[in-house]
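Each chain, letter by letter, is given below.
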Amino acid sequence: MTAPRSVLRLEPASPTPPAADVRLTVVDDERNRVARIRAGDTAAFEALFREYFDPLCGFVVGYVGAMAIAEEIVQEVFLRVWANRAGWTVTDSVRSYLYGAARNRALNARKRAHVADRGHQAAAEAEWVPGMGQPPESADAGVRTAEFSDALARALARLPSRCRETFLLRRQHGLSVNEIARTMGVTAKCVERQLTKAMHALRADLADFA
Amino acid sequence: MNSSDLPPLSASELLRLERYFAGSLLPGEREAVERWLAAHPERAGEVALHRRIAETTAQLRPRPAGTDAAWSRVAGQLTPTQASGAGSRAISFYRSGGMGGATRTGWVVRAGAGIAATLVIGASLSVGRVIGARSGRQPFREFASAPRSRTTITLHDGTQLMLGPASHLRVPLDFGRGEREVDLDGEALFTVVHDATHPFVVRTAHATTRDIGTTFVVRAYAGDGDERVGVTEGRVAVGGGPWAGQRSAQPASTATTLGAGDVAIVSDHGVAIAHGTGVATLTAWTQGRLVFDKTPLPQVVAELTRTFDLDIRVADSALVARSITAAFADESADDVLDAITRALGARYERSGRVVVIRLGSAPTGGRQHPVAAPALATATSHPQ
């Protein structure tokens, strides 16, 4: 299920690359990468950071609401990897390791934030769920994309949390079923169950758009 | 909505569709799905909705995170390997930036723990090096103490502090201009000259401690699992949390006030307060005493490692779950190890810096003091 990670990948040198301006980068074999970081190779660490910081923040913000907090948490994940790099072991995939570590911290942070200040948390949630407008009034197949996105965001927010996590890790972060299983500490069967549950629920919720 | 009258798609059909949308099917499987789609036109609306959900979800992204800014923050905190024992990277330079466009440059210089320990074994090391002057970060001086040492430092505002073994303290160069903020990794006893207009703030990985006029002790060793703040005099406010130790943390929103005799335990579960106990244990090191109060063995080992600069290994996992209660004053490393292993029903073998603790009470090991445990030390063990 997991795609081999030792691949040639086209990486844009700038966020919006002119077609000619792309660099060919050899993306390291995962194990090699972990070994280099363990040995204290800052360049390997920086590459890992640059590859995963933004997606991980996008993932964590779903738990903690505010992007600034998500950035702190993800930063902490990387600093922890660096501080403990000598003993850093990745059993299978760096990606599931990072998502799993970020998830644990995010869940802990949210637990604490809930105790500390529920109101603030609720307000911060708005940053993640885009466009908290009214439900679309004219619900036919031709409704604008923005309305669909809004309705989808609300439908996602209504999913049970594990179900939502699974679906987002799959669709937004492109993790394989096995990677999601390791990230969340559950079996692959369980991930598949959550995925189909999410698909059923989202479709039912958005049936007006069919 | 005629599709809602159809029987729901099975889980395996849904998963196959999901992989089809993700483009992760093998060519043969892909064609099978396409054949299935062609054969079930009544499912077209439903499938189109699933596809739209899948594709739109992929686009629902919060605004991008500030990767460059975050990297420059992180790069400033990277330090060379502590575990690279041989002192092979005693001093390392790290340079970040230079990825096209505006170049951001940061230098961090720091002596590796290995060499610091070999140079100053048994003596206290107190270095104030200027770090970070060229980077975007605030420049600071760093004070470090070697294992086996305690270091006394007086800051220019008159605040006195004793830095515990194997600890690091960072003091910004503009210390005292606004809040008097320091960063601590390890343990230290602070006696703060109070100044309400310039509050004294100690930041650790998980907590922020603000003095309200006071003598207090902060313990935040990375391997401890929790951080502790104890007050011997006056009052302090402690805020805990994963980002509470960061400079951008909101002050005092979740802060807890401690009085004399209180100990705050900051862990992943939040801040817990113990009233009237534990401060003596927490400050024992400042008088050269070693006190354990139902302390788990791994923590005892970490403490002995710092206090005596030993490399202690516990060979039997059964021992790891045990706790130690003991007090030592001026005992040698061997006296302390002897009392502790005796209480555990274990023995130890020492060869130079390396100590191995294992089950069994065979007296023939490398023990140098097979006589009775010193009278001052009472060691008991608590299976957990």
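Before any of the text, the structure's been laid out above.
Everything numeric in this text was worked out from a predicted model, so none of it was measured. (Residues numbered from 1 in each chain as written. Chains lettered and ligands numbered in written order. Predicted model: local features only at pLDDT ≥ 70, side-chain atom pairs only at ≥ 80, totals over all residues. Heavy atoms only, no water.)

1. Things to note about the overall build of chain B
For clarity, the cut-off: Strands here are runs of E lasting at least two residues and helices are runs of H or I lasting at least four, both read from the DSSP assignment and numbered beginning at the N terminus. Buried, partly exposed and exposed residues are distinguished by accessible area as a fraction of the type maximum, computed with a 1.4 Å probe on protein chains only: under 20%, between the cut-offs, and over 50%, respectively. Two residues qualify as a contact provided that any one of their heavy atoms is within 4.5 Å of a heavy atom in the partner residue. The Shrake-Rupley method, run with a 1.4 Å probe sphere, supplies the accessible areas, and residue values consider only the shown protein chains as cover.
The helix and strand inventory of chain B stands at 9 helices and 20 strands. Counting every position in chain B, which comprises 384 residues, the buried fraction comes to 45%. In chain B, the proportion of contacts linking residues at least 24 apart, taken out of those at least 6 apart, comes to 52%. Surface exposure of chain B reaches about 17900 Å², of which carbon and sulfur atoms provide 54%.

2. Some points on the overall build of chain A
When you go through chain A residue by residue, the secondary structure sums to 9 helices and 2 strands. Starting at the N terminus and ending at the C terminus, chain A contains elements arranged as β-β-α-α-α-α-α-α-α-α-α. When burial is assessed residue by residue, chain A has 49% of its 210 residues classed as buried. When contacts within chain A are restricted to residue pairs at least 6 apart in sequence, long-range pairs at least 24 apart make up 61% of them.

3. Some words on the pairing of strand β18 (residues 346–351) of chain B
All names here are of chain B. For clarity, the threshold we go by: By definition, two strands form a pair when at least two bridges between them are found by DSSP.
Sheet topology note: the β18/strand β19 (residues 354–359) ladder contains 6 bridges and is antiparallel. Each bridged residue has a counterpart across the sheet, and for Arg350 the counterpart in β19 is Val355. Between the end of β18 and the start of β19, which pair antiparallel, lie 2 residues, with Gly352 showing a positive phi angle near 65°.

4. A look at the sheet that holds β18(B)
Residues and elements named next belong to chain B. What counts is decided by this rule: Orientation is described by lines fitted to C-alpha atoms, with helices fitted over the stretch in contact, and by angles between N-to-C directions that extend from 0 to 180 degrees.
Strand order in the open sheet made by the 3 strands is β16-β19-β18, with mixed pairing throughout. In this open sheet, the two strands that pair with only one neighbour each are β16 (311–314) and β18. With direction set aside, neighbouring strand axes in the sheet form an average angle of 20°. Where helix α9 (residues 333–344) meets the sheet, it contacts β16, β18 and β19, and its direction lies at approximately 150° from that of β18.

5. Quick word on the packing of aromatic side chains
To be explicit about the condition: Pairing of aromatic rings covers Phe, Tyr and Trp, the last through its six-membered ring, and needs centres within 6.5 Å; plane angles under 30 degrees mean stacked, over 60 mean edge-to-face, and all others mean tilted.
The full count for this structure, using the stated rule, is 14 aromatic pairs over all chains. Centre to centre, the rings of Phe45(A) and Phe78(A) are 6.1 Å apart; their planes meet at 75°, and the pair counts as edge-to-face. Placement of Phe45(A) in helix α2 (residues 42–64) and of Phe78(A) in helix α3 (residues 67–83) is noted, with a sequence separation of 33 residues between them. Taking the relative accessible area as the measure of exposure, Phe78(A) reaches 0% and is therefore buried. Measuring from ring centre to ring centre gives 5.2 Å for Phe190(B) and Phe216(B), while their planes differ by 20°; the resulting arrangement is stacked. Here the residue Phe190(B) occupies a position in strand β8 (residues 180–192), and Phe216(B) occupies one in strand β10 (residues 207–220), the gap between them amounting to 26 residues. Residue Phe190(B) is classed as buried on the basis of its relative accessible area, which comes to 0%.

6. Overview of the side chain of Arg203(B)
What counts, and what does not: By the criterion applied in these results, polar contacts are pairs of N or O atoms within 3.5 Å in which, for protein atoms, one can donate a hydrogen and the other can accept it, and in which residues neighboring in sequence qualify only through two side-chain atoms.
By secondary structure assignment, the location of Arg203(B) is in strand β9 (residues 200–203). Of the polar contacts made by the side chain of Arg203(B), one reaches the side chain of Glu181(B); its length is 2.6 Å.

7. As for the environment of Ser167(B)
Residues and elements named next belong to chain B. Inspection of the secondary structure puts Ser167 in the loop between β6 (160–163) and β7 (168–172). Take Ser167: its relative accessible area is 0%, and that puts it in the buried class. Distance in space between the C-alpha atoms of Ser167 and Arg306 is 9.3 Å, their sequence separation being 139 residues. Excluding residues that lie within four positions of it along the chain, Ser167 makes contacts with Phe143, Ala144, Ser145, Asp185, Gly186, Glu187 and Tyr221. A distance of 2.9 Å separates the side chain of Ser167 from the backbone nitrogen of Glu187, its partner in a polar contact.

8. Quick look at the nonpolar core
Heads up, the rule is: Among the buried residues, those of types Ala, Val, Leu, Ile, Met, Phe, Trp, Tyr and Cys that are joined through side-chain atoms within 4.5 Å form a nonpolar core.
With 76 residues, the main nonpolar core has Phe45(A), Val60(A), Phe78(A), Leu98(A) and Leu206(A) as its most contacted residues. When residues of this core are assigned to their parent elements, the largest contribution, 13 residues, is made by α2(A). Aside from chain neighbours lying at most four places away, what touches Leu206(A) is Phe148(A), Ala151(A), Leu152(A), Ala155(A), Leu49(B) and Ile53(B).

9. Some remarks on the pattern of salt bridges
A side chain with one charge can pair with a side chain of the opposite charge if their charged atoms come near. Short version of the rule: We count a salt bridge whenever a side-chain nitrogen from Lys or Arg sits within 4 Å of a carboxyl oxygen from Asp or Glu.
Under the counting rule described, the total for this entry stands at 27 salt bridges over all chains. Taking the shortest distance from any N to any O, the salt bridge between Glu51(A) and Arg33(A) comes out at 2.9 Å. Of the two residues, Glu51(A) sits in helix α2 while Arg33(A) sits in helix α1 (residues 30–38), which places them 18 residues apart along the sequence. Classification of Arg33(A) as buried rests on a relative accessible area of 6%. As a salt-bridge pair, Glu71(A) and Arg73(B) come within 3.4 Å of each other at their nearest N and O atoms. Of this pair, Glu71(A) sits in helix α3 while Arg73(B) is found in helix α4 (residues 67–75), placing the two residues in two different chains. Taking the relative accessible area as the measure of exposure, Glu71(A) reaches 12% and is therefore buried. Take Arg73(B): its relative accessible area is 33%, and that puts it in the partly exposed class.

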